[in-house]
Structure formats: structure tokens, C-alpha cells
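Observations on the three-dimensional arrangement
What follows is each chain in one-letter form.
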Amino acid sequence: MTGLPKALTHPIHLRLLRLLAAHRFATTTQLARLTVDAYVSLRSGLRQSLRHLNKLRAHDLVTRLERRVGGWQAGSSVTVWALTPHGHRALTGSRARRRPHELSTGFLAHQLAVTETSTIITETVRTMGGGDLQLDTEPNCWRTYLGAGGERLTLRPDLAATITSPDYQDRYYLEIDRATENPARVIVACHRYTAYHDTGADQQRTGVFPLVVWVVPHTRRRRRLQEAIARDTALNPRLFRVITPDQLPGLIHDGPDALPPPAVPTT
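So, how was this worked out
- Residues numbered from 1 in each chain as written.
- Predicted model: local features only at pLDDT ≥ 70, side-chain atom pairs only at ≥ 80, totals over all residues.
- Heavy atoms only, no water.
- Helix = DSSP H or I, 4+ residues; strand = E, 2+ residues; numbered from the N terminus.
- Rg over C-alpha atoms; globule rule 2.2 N^0.38 Å.
- Buried < 20%, exposed > 50% of the residue type's maximum accessible area, 1.4 Å probe, protein only.
- Contact = heavy atoms within 4.5 Å.
- Areas by Shrake-Rupley, 256 points an atom, 1.4 Å probe, with all protein chains shown as cover.
- Phe/Tyr/Trp six-rings, centres within 6.5 Å; stacked < 30°, edge-to-face > 60°.
- Lys NZ or Arg CZ within 6 Å of the ring centre and 35° of its normal.
- Expected span 1.5 Å × (residues − 1).
- Polar contact = N/O pair within 3.5 Å; in protein donor to acceptor, adjacent residues only side chain to side chain.
- Core = buried A, V, L, I, M, F, W, Y, C linked by side-chain atoms within 4.5 Å.
- pLDDT = per-residue confidence, 0-100.
- Pairing = 2+ DSSP bridges.
- Axes fitted to C-alpha atoms, helices over the stretch in contact; angles between N-to-C directions.

Here we look at the overall build of the protein chain
- Scanning the protein chain from N- to C-terminus turns up nine helices and 10 strands.
- By the compact-globule yardstick of 18 Å for 267 residues, the protein chain fits well, its C-alpha radius of gyration being 20 Å.
- Overall, the protein chain is about 65 × 40 × 40 Å in size when its C-alpha atoms are taken along their principal axes.
- Expressed as a percentage of the 267 residues in the protein chain, the buried residues total 46%.
- Pairs at least 24 apart in sequence give 63% of the contacts found in the protein chain among residues at least 6 apart.
- For the protein chain, the accessible area works out to roughly 13700 Å², and carbon and sulfur atoms hold 49% of it.

What to know about the packing of aromatic side chains
- Under the definition given, this model contains four aromatic pairs.
- Seen from their ring centres, Tyr 145 and Tyr 196 are 5.4 Å apart, and the 55 degrees between their planes marks the pair as tilted. On the criterion of sequence distance, the pair formed by Tyr 145 in strand S5 (residues 143-146) and Tyr 196 in helix H6 (residues 183-199) is long-range, its members being 51 residues apart.
- Classification of Tyr 145 by relative accessible area gives buried; the value is 8%.
- Summarising the aromatic geometry, the rings of Tyr 196 and Phe 209 are spaced 6.0 Å apart at their centres and angled 55 degrees between planes, so their arrangement reads as tilted. Of the two residues, Tyr 196 sits in helix H6 while Phe 209 sits in the loop between helix H7 (201-206) and strand S9 (211-215), which places them 13 residues apart along the sequence.
- Judged by relative accessible area, which is 14%, Phe 209 ranks as buried.
- Site record: aromatic cluster; members linked through ring pairs are Tyr 145, Tyr 173, Tyr 193, Tyr 196 and Phe 209.
- Against the face of Trp 142 rests Arg 156, its NZ or CZ located 4.3 Å from the ring centre.

Focus: H6
- Under the 1.5 Å per step criterion, the end-to-end length of H6 is 25 Å for 17 residues, consistent within 8% with the ideal 24 Å.
- Those residues of H6 that sit buried are Pro 183, Val 186, Ile 187, Ala 189, Cys 190, Tyr 193, Thr 194 and Tyr 196.
- Its side-chain oxygen 2.8 Å from the backbone nitrogen of Ala 184, Asn 182 forms the N-cap of H6.
- Gly 200 occupies a position one or two residues after H6 and carries a positive phi of about 75 degrees.

Overview of the nonpolar core
- Ranked by internal contacts, the top residues of the largest apolar core, which has 22 residues, are Cys 190, Trp 214, Ile 229 and Phe 240.
- Within the residue set of this core, elements represented by two or more residues are H6, S9, helix H8 (219-231) and strand S10 (240-243).
- At six residues, the largest contribution of residues to this core is made by H6.
- Ignoring anything within four residues of it in the chain, the contact list for Ile 229 reads Ile 187, Cys 190, Leu 235, Pro 237, Phe 240 and Val 242.

Some words on the confidence of the model for the protein chain
- Chain-level pLDDT for the protein chain is 90 on average; 91% of the residues reach the 70-or-more range.
- Taking the mean pLDDT of every element in the protein chain, the minimum, 81, falls on strand S2 (residues 62-68) and the maximum, 98, on S9.

Regarding the pairing of S9
- By the criterion of burial, S9 is predominantly enclosed, with five of the five residues buried.
- Here S9 shows two buried faces, one formed by Leu 211, Val 213 and Val 215 and the other by Val 212 and Trp 214.
- As paired strands, strand S8 (residues 169-176) and S9 are joined by five bridges and run parallel to one another. In the sheet register, Glu 175 faces S9, and the bridge partner there is Trp 214.

Points about helix H5 (residues 105-126)
- Relative to the 32 Å expected for 22 residues at 1.5 Å per residue, H5 spans 31 Å between its end C-alpha atoms, a close match to the ideal helical length.
- By the criterion of burial, H5 is predominantly enclosed, with 16 of the 22 residues buried.

Structural notes on the sheet that holds strand S7 (residues 159-164)
- Across the sheet, which stays open at both edges, the five strands sit in the order S4-S7-S8-S9-S10 with mixed pairing between neighbours. On the outer flanks of this sheet lie strand S4 (132-137) and S10, each paired with one strand and no other. Put simply, the sheet's adjacent strands are angled 25 degrees from each other on average, direction ignored.
- Across the sheet, H5 is in contact with S4, S7, S8 and S9; its angle to S4 comes to roughly 170 degrees.

Next comes the structure, spelled out in C-alpha cells:
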């Protein structure tokens, strides 16, 4: 890549820019956790990540958003990093779609939750020994298919993850739910996954259909979505799991069978 200033010679500079290009928004702590393998400790990573990010900022490649983000860490003020239009162009050769400061706090909180999910998955795979992670963010994780009427449709998960070890390979589509929408809208999304499943496209390509994982903020929301999925007789509950963030490491480490699907109501 030739778009970076010659003064930015440290390998971590390019790595940080690529992480921000993939996730769009990340906190200093998230970026330090994602690159902790480059440092002797997380504490060192936090300190050095801030130094590297400020150097990128001095070259107008990244920007920092100091704001209170509703629904993120109890609404506390956090430092959020994003590529500037200049940074996006230097890294990708294309123009950014929107300036970071123009986005709503609700959208930003969702994007940070997606980055947090990606960070947890990355951290978990690192502990597994011999595990390999392929993590696709938007739009690389989107899937295009034909609807019942022949129309072209797009499935838009927040993330797609493939974890490979010498003994197994697990695939996931991940949806990050912040409990801001009626469960009925989640069920509509589940039907889109079912329609895509029925095309057989993933099964032909990889031999399996990924487990669709809804990551929700608390147990009350988890129960509501599990019950809604179980009540809908047009859905196969085995295609879906609803979990809270603290359950995500166990799912990634132990595989889809670690958490049973929602029980189908008997009445």
C-alpha cells in the first residue's frame, strides 16, 4: 500500500487502520485488545495504542469522537476512533461514504457493540491453541440470493465467523441486538435467514449452514427472543441461538452444541 506517509513505518499503524476500516468504529481499549499480541501486556498495549493512534491522528488518518454513547458502557463517555475521509482514501483508494461525526449515537452504539463482539471472538480463539479465525465484517459477510419471485435479495448479518481447528470447523452468522426493536422485527430477520437457508447456497459452498447467533444485552431480552422464535412454527429453532455477551466465549470455545436451541412450546 502506498497511501501512507513515509513517517508511519511501524507495522501497527497499518494494522490499526485496517481494523478501523473493517469495524468502522472502535474504542482505544478494543483496539488494544485486538492487537494485544503485539505487546507484552494489555496495560502496555493500551498505552502504546493511544500513542500510535495519536500519531495517525496527527497525519489526519484517524479521528477521535469524544461523546456519551447511549447504551454503551452505561452511557459513559468513551473515546471512539474512526478513519477520516483522508485515512479511508489512503488505505482503500476510495472515498468514505459518510463522515464519522455525522452518524447518530444510536448507530454508533450498535457499531461499538459489533466491534465488542468481534473482539470477544478474537480473544476467545487466541486461548484455544491451534484455532484459526476468519472473521468477516460488513459488507463482506453479506449474502445475495434470489427470493421466491426471482427478485435479488441481500442477507445482512453484522458479522460472519469461521473457527477452524485440527478437529472441527464451526461457522456462525452473528446479529447484534441492543433490545431497541420489537421482537417481531427480529422474527422477520429470522425468516430472511430461513429463506436464505432454503436456497442451499451455503450448504453447497461449505457443506453446512452457519448457526445464526443473536447476541443480546441481558437475560430478559434473551428470554423474550427465545420465546418468540420457539412460538413461530415456520422457523426451525435449531438454526438459531440467543445469547448474552458473557455466553459468547463458551459458544465459540465449545461449539454450537454448548447451548441448546430454544425449547418448542407444548401448548
